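In case you want the letters, here they are:
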Amino acid sequence: MSRLVVVSNRVGPLRGATKAGGLAVALADALRTRRGLWFGWSGEVRDGPQGHEVQAQSLGGVTRAVIDLTSTEHDDYYNGFANRCLWPLFHFRLDLATFDRRYYEGYQRANQRFAQALTPLLRDDDLIWVHDYHLLPFGETLRDMGARQRLGFFLHIPWPVREILTALPHHEHLVRALFSYDLVGFQTEADLLRFQDYVLREAGGSQRGNRLYAYGRSVIAQAYPIGIDTDQFATLAASDEAGHEAAKLKAAIFDRTQIVGVDRLDYTKGLPERFQAYEKLLELYPEAHGQVSFLQIAPTSRGEVQEYIDIRHQLDALAGHINGRFAQLDWTPLRYINRAITRRQLAGIYRASRIGLVTPLRDGMNLVAKEYVAAQDPDNPGVLVLSRFAGSAKQMAAALIVNPYDPVGVAEAIETARHMPLAQRRDRHRALMHELRRSDVASWSQNFLTALDHAVAAVPPGVPA
Ligand code: ADQ
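Predicted model only: the values in this text are computed from it and were never measured. (Residues numbered from 1 in each chain as written. Predicted model: local features only at pLDDT ≥ 70, side-chain atom pairs only at ≥ 80, totals over all residues.)

Caption draft 1: Structural context of the environment of Ala 65. Assignment of secondary structure puts Ala 65 in strand β4 (residues 62-69). In this structure, the C-alpha to C-alpha distance between Ala 65 and Arg 274, residues 209 residues apart in sequence, is 40 Å. If we ignore the near neighbours within four places in the chain, the residues touching Ala 65 are Leu 37, Phe 39, Val 54, Ala 56 and Leu 121. (Helix = DSSP H or I, 4+ residues; strand = E, 2+ residues; numbered from the N terminus. Contact = placed C-beta atoms within 7 Å.)

Caption draft 2: Quick look at the site of the ligand. As a structural note, the neighbourhood of the ligand is formed by 20 residues, with His 156, Ala 340, Gly 364, Met 365 and Leu 367 the closest of them. Considering each element in turn, the shell around the ligand owes the most residues, 3 residues, to helix α13 (residues 367-374). Tallied by class, residues from the shell around the ligand come to 12 nonpolar, 4 polar and 4 charged. (Near = placed C-beta within 6 Å. Nonpolar A, V, L, I, M, F, W, Y, C, P; charged D, E, K, R; others polar.)

Caption draft 3: Summary view of the confidence of the model for the chain. Chain-level pLDDT for the chain is 94 on average; 96% of the residues reach the 70-or-more range. Least confident of the elements in the chain is helix α1 (residues 22-33), whose mean pLDDT is 82; most confident is strand β15 (residues 383-387), at 99. Every residue in residues 458-463 scores below 50 in pLDDT, and together they form 4 contacts with partners more than four places removed in sequence or on other chains. Interface confidence in the predicted complex, given as ipTM, is 0.98; pTM for the same model is 0.96. (pLDDT = per-residue confidence, 0-100.)

Caption draft 4: Focus on the pairing of strand β6 (residues 150-154). For β6, the tally of buried residues reaches 5 of 5 residues, placing the bulk of the element in the interior. Across the two faces of β6 the burial is the same, with Arg 150, Gly 152 and Phe 154 and Leu 151 and Phe 153 all buried. With 5 bridges connecting them, strand β5 (residues 127-131) and β6 associate as parallel partners. Across the sheet, the residue bridging to Val 130 is Phe 153, located in β6. Tracing the backbone out of β5, into helix α4 (residues 138-144) and back to the parallel element β6 gives a crossover that is right-handed. (Buried ≥ 20, exposed ≤ 12 C-beta atoms within 10 Å, placed from the backbone. Pairing = 2+ DSSP bridges. Right-handed = clockwise from strand over helix to strand, strands pointing away.)

Caption draft 5: Structural detail: the nonpolar core. Leu 384, Val 385 and Leu 386 are the most contacted members of the largest nonpolar core, which has 139 residues in total. Top contributing element to this core by residue count: helix α2 (residues 71-90), with 9 residues. Those residues in contact with Val 385 that lie beyond four places of it in its chain are Ile 355, Gly 356, Leu 357, Val 358, Thr 359, Ala 399, Leu 400, Val 402, Val 410, Ala 413, Ile 414 and Ala 417. (Core = buried A, V, L, I, M, F, W, Y, C linked by C-beta atoms within 7 Å.)

Caption draft 6: Broad picture of the sheet that holds β6. What the 10 strands build is an open sheet, ordered β3-β4-β2-β1-β5-β6-β7-β10-β9-β8; its pairing is mixed. Of all the strands in the sheet, just β3 (55-59) and β8 (206-208) have a single pairing partner and so form its edges. When strand polarity is set aside, the average angle formed by the axes of neighbouring strands in this sheet is 25°. Here β6 pairs with strand β7 (residues 183-186) via 3 bridges, running parallel. (Axes fitted to C-alpha atoms, helices over the stretch in contact; angles between N-to-C directions.)

Caption draft 7: Geometry of the sheet that holds strand β14 (residues 355-358). Judged by pairing direction, the sheet is parallel, and its 6 strands sit side by side in the order β13-β12-β11-β14-β15-β16 without closing on themselves. The open sheet terminates on both sides in strands that have one partner only, identified here as β13 (334-337) and β16 (400-402). Ignoring strand direction, the axes of neighbouring strands in this sheet form an average angle of 20°. Bridge analysis of β14 against β15 gives 4 bridges, and the strand direction is parallel. Along β15, the bridge assignment pairs Gly 356 with Leu 384.

Caption draft 8: Here's a closer look at the packing of helix α9 (residues 240-253) against helix α12 (residues 343-352). The N-to-C vectors of α9 and α12 enclose an angle of 55°; their axes lie 7 Å apart at closest approach. Regarding the angle of α9 to α12, the classification is oblique. For the element pair α9 and α12, the recorded crossing hand is right-handed. Where α9 abuts α12, its residues Glu 241, Ala 242, Gly 243, His 244, Glu 245, Ala 246, Leu 249 and Lys 250 lie against Arg 344, Gln 345, Ala 347, Gly 348, Ile 349, Arg 351 and Ala 352. Residue classes in the contact of α9 with α12 are distributed as 6 nonpolar, 4 polar and 5 charged. (Parallel < 35°, antiparallel > 145°, perpendicular 65-115°, else oblique. Left-handed = near helix turned anticlockwise from the far one by under 90°.)

Caption draft 9: Quick look at the pairing of β15. Burial runs high along β15: 5 of the 5 residues are buried. A two-sided burial pattern is seen for β15, the buried positions comprising Val 383, Val 385 and Ser 387 on one face and Leu 384 and Leu 386 on the other. A crossover connection joins β14 to the parallel β15 through α13; in handedness this β-α-β unit is right-handed. Looking at chain direction, β15 and β16 are connected through 3 bridges and run parallel. Residue Leu 386 lies in a different strand from β16, and its bridge partner there is Ile 401.

Caption draft 10: Focus on the packing of α13 against helix α15 (residues 422-438). In the contact formed by α13 and α15, the axes pass within 10 Å of each other and the chain directions differ by 120°. Judged on the interaxial angle alone, α15 and α13 are oblique. Between α13 and α15 lies a crossing of left-handed hand. Counted together, Lys 370, Val 373 and Ala 374 of α13 and His 429, Leu 432, Met 433 and Leu 436 of α15 form the full contact between these two elements. Taken together, the residues of the contact of α13 with α15 sort by class into 5 nonpolar, 1 polar and 1 charged.

Caption draft 11: A look at helix α8 (residues 230-238). Buried residues of α8: Thr 230, Phe 233, Ala 234, Leu 236 and Ala 237, and no others. Around the axis of α8, the buried residues are gathered within 160° of arc, so they sit on the same side. Against the buried residues of α8 lie α9, α12, α13 and α15. (Arc of directions from axis to C-beta.)

And the structure:
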């Protein structure tokens, strides 16, 4: 079996699996099986020559190799092009995207430095798996440096529609760079279709099965919807430790119906719209007053970026407004916690919540929706209210699917969830769990790696360019 090399902007821990999310665990598992190497940014910013050194560390046959970013790289590559340009654009938010040539050049340079640092560590028969929008050109850069190994890429966020993508001054360079990979994976069929649409219509390429031809090269493009560690998470949620967290929460809300939202504080997650839908619920259904309690957990993320500072202020104001308007001496309608919590706490809180609100405006997949379902008690499960714009909505049709831009519709769905009979809750939960077990995170990484194992790099003779 070839050695696996995973490349991602952030490198997960090799130990401490219960603290890390499902993705880090799944990648660490795949790396252990294949005695692999995980390469990327250390998470540290350091100027000066020592930041250029690769720091490597091995544990149980897996090597973790990282480099620091300089402050300029951190500003231009990470905060700049990745998070102020590609992130909003790929989430259909052209209005929030900043186009700055300096950011783009910084992005290219950082990708180059990553490739330079990784090249000496590579072996001829490695299988290289590159992750996410920070590293779109990484494969091309690596090939320019002579790499001939099989190279795969997975995009965790949505692929945008052609009309939005073409607003990016460097769109062609970035798409062309993807053709240096042997296999490109997307979260959903819809993302795949939008990618194909760009290749066929904008790049004048062609298609045969799942192989796309353009720029004189070819690549296999497929959808691989990511999952969670379903059974492991369900076990965690049923554990005594998680039960302890659930009991604490229940003591705080008495026997009110708990509604929960858990997200990174990001404008793609639809948080102001969700708060407004909750306000609408309290406006339309006065009988719900004192009967429901909404807990939103949203730790600050990318806190140096202006658009994230803005959304945080907006949420602070909305939370204050809703509580000011509806709170009673013995009832706080909305509790908003601006902090990260442990996975055990998370599992307990999901399980103690009768309604899970997952209402992003646009999301590659959204793992919170899957975790919420996996954490439920199968005998008395809660109800998931899920945005149609989350990648997970296609696989989770047994949830209550909503349009996050419609506060009345979301309020009505919450009300339906509040009164849903046990038999219906169980049926929906069973259907959702069936799918979550069928496509968990281990099968996601296995499917991708099996396809990459078999991907052929060369363009067969006589195919259209
Ligand atoms: P994210 O945008 O980060 O991921 P999501 O898929 O929901 O979104 O994953 C978030 C993870 O962080 C979950 O495992 C969740 O439990 C955890 N988390 C969130 N808030 C937390 C809190 N307050 N405390 C502790 N943990 C918290 C990107 C894409 C998604 C895609 C994933 C994986 O944007 O669409 O599903 O990658 O591919």
